[in-house]
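Letter by letter, the chains look like this.
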Amino acid sequence: MSDAYLYAAARTPFGRFGGALAGVRPDDLAATALTGLLDTSPDLDRAAIGDVVWGNANGAGEDNRNVGRMAALLAGLPVSVPAATVNRLCGSSLDAAIIASRALESGDADIVVAGGVESMTRAPWVLPKPDRAFPARDVTAVSTTLGWRLVNPAMPKEWTVSLGECNEQLQEKFSLSRERQDAFAVRSHRLAAAAWDEGFYDDLVVPVDGLARDEGIRPGTSLEKLAALKPSFRPDGTITAGNASPLSDGASALLLGTAAAAGRIGRDPVARVAGRGVHAVEPQGFGYAPVEAAEKALRRAGIGWADVGAVELNEAFAVQSLACVDAWDVDPEIVNTRGGAIALGHPLGASGGRLLGTLAAVLRERRRRWGLAAICIGVGQALAVVLENVTDEVSLG
């Protein structure tokens, strides 16, 4: 068995719903991230890439018919380089990285590109086919942007409530106040803005159509401004547009390989994939699923929370992020030190790749050996990955 290493990461800026990237097709977003990633390794013979594994949650519009293969072709990779698209909803690109790491460990490939894309702006409306020819009744177009659609009537009603209602239930269970949620959101915006101002993201982000910075960051947000927002899902609820991640557009990409591939890639690896975890719960409890996924990943890496120097947790909602952090034996100050999805955005299929790329960079910045990336997934799932910093920028003490 070989070890799997992360060599490089790149992503597009994440755009707001209907914002600067609204005119960019998802396959073009994916190709841009892929091209930007490969530009970091100019000595790599593109034909040496054993596979491309790409994440995408919707796949109902311009991202149909295996958008991973489309991105590889649009990016100019040789036609001999294969590609697949995987769908684990919000965890799709993290799942792509996990699949890539397994291919490397098993010897099926020496170099694999993973990543993901989502244009939530361009996700289409869909119409079900009629059950008979020439129906006279009206039909309803269903948005594919987010959440359940065309629900099977055999599904229990408690499973198919909105994502926001799921997290209001989580808030009730753990008594996570509106004030704590808003404070968490303010922190996300503050840290994300500081990260950009300090140049942290400069080498990780590839501009698209004039957009060079994540569009959703609000440096001037405050507790007072967020407190004025109305609840989004219940009249007396705690979740608002300010303490949940926004609908977003973007793509991310990762270059993974074995240790022996370093010469062909033309650079040294930055992190080793040391542990993986997947976990599932009842669909409405998806926001809490990262708790056990992370524990599994840590056990498989052979480490504990005391060893972890950085955590990247996808901030789908402030309430579920707080529930997870509260459940872990971790210092909250090492979680999302460079901002999270509430500020940066959450283009579903791209977020996992962003987490891993950011985690590797934070480990180098903080000179820490071990880090964890985790993400909750609609319909009751979660994924987690442990990275080990293998650069010289690490203190083992």
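What you see is a predicted model, and the numbers here were worked out from it, not measured in a lab.

Looking now at the overall build of the protein. A tally of regular secondary structure across the protein gives 11 helices and 12 strands. Whereas a compact globule of 397 residues would reach a radius of gyration of roughly 21 Å, the protein reaches 20 Å, a difference of no more than 12%. Considering only C-alpha atoms, the protein reaches an extent of 60 × 55 × 40 Å along its principal axes. For the protein, with 397 residues in total, the buried portion stands at 57%. Of all intrachain contacts in the protein linking residues separated by at least 6 positions in sequence, the fraction that spans at least 24 positions is 80%. Working note: accessible area of the protein is about 16,000 Å², and carbon and sulfur atoms make up 51% of it. Distance between charge centroids for the protein: 3 Å, based on 38 positive and 47 negative side chains.

The next thing to look at is the pairing of strand 4 (residues 83–86). With 4 bridges connecting them, strand 3 (residues 51–55) and strand 4 associate as parallel partners. Looking at the pairing, W54 lines up with T85 of strand 4. Regarding topology, helix 2 (residues 67–74) serves as the crossover connection from strand 3 to the parallel strand 4, and that connection is right-handed.

Here we come to the nonpolar core. In this structure, L6, Y201, L256, L356 and L387 are the most contacted members of the largest nonpolar core, which totals 48 residues. Broken down by element, the residue count for this core peaks at 7 residues, all from helix 11 (residues 351–366). Ignoring any residue separated from it by four or fewer positions in sequence, one finds L6 in contact with L254, L255, L256, P269, V270, A271, L356, A360 and L387. Counting 33 residues, the second-largest nonpolar core is a separate cluster that includes L29, A30, W54 and A253.

Right, let's talk about the pairing of strand 10 (residues 308–313) for a bit. Across the 6 residues of strand 10, 6 count as buried, placing the element largely inside the fold. Direction of pairing for strand 10 relative to strand 11 (residues 370–377): parallel, over a ladder of 5 bridges. Across the sheet, residue V311 finds its bridge partner in strand 11, namely L372.

Position of C166 among the secondary structure elements: in helix 4 (residues 163–174). Sequence separation between C166 and T358 is 192 residues, and the spatial gap between their C-alpha atoms is 28 Å. Not counting residues within four places of it along the chain, the set of residues in contact with C166 comprises V161, P283, Q284 and F286.

Bringing helix 11 into the picture now. In a regular helix each residue adds 1.5 Å, so 16 residues correspond to 22 Å; helix 11 covers 22 Å between its end C-alpha atoms and thus fits that length. Looking one or two places after helix 11, you find R367, whose phi comes out positive at around 55 degrees.

The geometry of helix 1 (residues 26–39) relative to helix 2 is characterised by a closest axis approach of 8 Å and an angle of 60 degrees between their N-to-C directions. The pairing of helix 1 with helix 2 is recorded here as oblique in orientation. As for how helix 1 packs across helix 2, the hand of that crossing is right-handed. Only V67, M70, A71, A72 and L74 of helix 2 make contact with helix 1, whose side of the interface consists of D27, D28, A30, A31 and L34. Its residues placed into classes, the contact of helix 1 with helix 2 shows 8 nonpolar, no polar and 2 charged.

Moving on to the packing of helix 3 (residues 92–106) against helix 11. Between helix 3 and helix 11, the shortest axis-to-axis distance is 5 Å and the interhelical angle comes to 65 degrees. Facing helix 3, whose interface residues are S93, L94 and A97, helix 11 presents S351, G352, G353 and L356. Looking at the contact of helix 3 with helix 11 residue by residue, the classes come out as 3 nonpolar, 4 polar and no charged.

Attention shifts here to a nonpolar patch on the surface. Among the surface-exposed residues, V151, M155 and W159 lie close enough to one another that they form a single nonpolar patch of about 230 Å² accessible area. Here M155 is to be found in the loop between strand 7 (142–143) and helix 4.

According to the stated counting rule, one finds 19 salt bridges in the structure shown. A salt bridge links E292 to R299, with the shortest nitrogen-to-oxygen separation between them at 3.0 Å. Of the residues examined, E292 reaches a relative accessible area of 26% and is grouped as partly exposed. Judged by its relative accessible area of 54%, R299 is exposed. Among the charged side chains, a network of salt bridges with common partners joins D3, R272, R369 and E388.

Helix length check: helix 1, at 14 residues, gives a terminal C-alpha distance of 20 Å against a target of 20 Å (1.5 Å per residue), a fit within 8%. Of all 14 residues making up helix 1, 10 are buried, and the element is well covered by its neighbours. Looking only at helix 1, the buried set comprises P26, D27, L29, A30, A31, A33, L34, G36, L37 and L38.

Counting across every chain of the model gives 4 aromatic pairs. Their ring planes at 40 degrees and their centres at 5.3 Å tell us that W196 and Y201 sit as a pair that is tilted. Given the relative accessible area of 8%, W196 is considered buried. Grouping aromatic residues by their ring pairs yields a cluster made of W196, F200 and Y201. The positively charged end of R11 is found above the aromatic ring belonging to Y201, 5.1 Å away from the centroid.

All right, on to the environment of G19 then. Relative to the assigned elements, G19 resides in the loop between strand 2 (15–16) and helix 1. Sequence separation between G19 and V205 is 186 residues; the distance between their C-alpha atoms is 18 Å.

Cut-offs and rules
Residues numbered from 1 in each chain as written. Predicted model: local features only at pLDDT ≥ 70, side-chain atom pairs only at ≥ 80, totals over all residues. Heavy atoms only, no water. Helix = DSSP H or I, 4+ residues; strand = E, 2+ residues; numbered from the N terminus. Rg over C-alpha atoms; globule rule 2.2 N^0.38 Å. Buried < 20%, exposed > 50% of the residue type's maximum accessible area, 1.4 Å probe, protein only. Contact = heavy atoms within 4.5 Å. Areas by Shrake-Rupley, 256 points an atom, 1.4 Å probe, with all protein chains shown as cover. Lys, Arg positive; Asp, Glu negative; His and termini not counted. Charge placed at Lys NZ, Arg CZ, Asp CG, Glu CD. Pairing = 2+ DSSP bridges. Right-handed = clockwise from strand over helix to strand, strands pointing away. Core = buried A, V, L, I, M, F, W, Y, C linked by side-chain atoms within 4.5 Å. Expected span 1.5 Å × (residues − 1). Axes fitted to C-alpha atoms, helices over the stretch in contact; angles between N-to-C directions. Parallel < 35°, antiparallel > 145°, perpendicular 65-115°, else oblique. Left-handed = near helix turned anticlockwise from the far one by under 90°. Nonpolar A, V, L, I, M, F, W, Y, C, P; charged D, E, K, R; others polar. Patch = residues over 30% accessible without salt bridge, like charges linked within 9 Å, V, L, I, M, F, W, Y side chains within 5 Å. Salt bridge = Lys/Arg side-chain N within 4 Å of Asp/Glu carboxyl O. Phe/Tyr/Trp six-rings, centres within 6.5 Å; stacked < 30°, edge-to-face > 60°. Lys NZ or Arg CZ within 6 Å of the ring centre and 35° of its normal.

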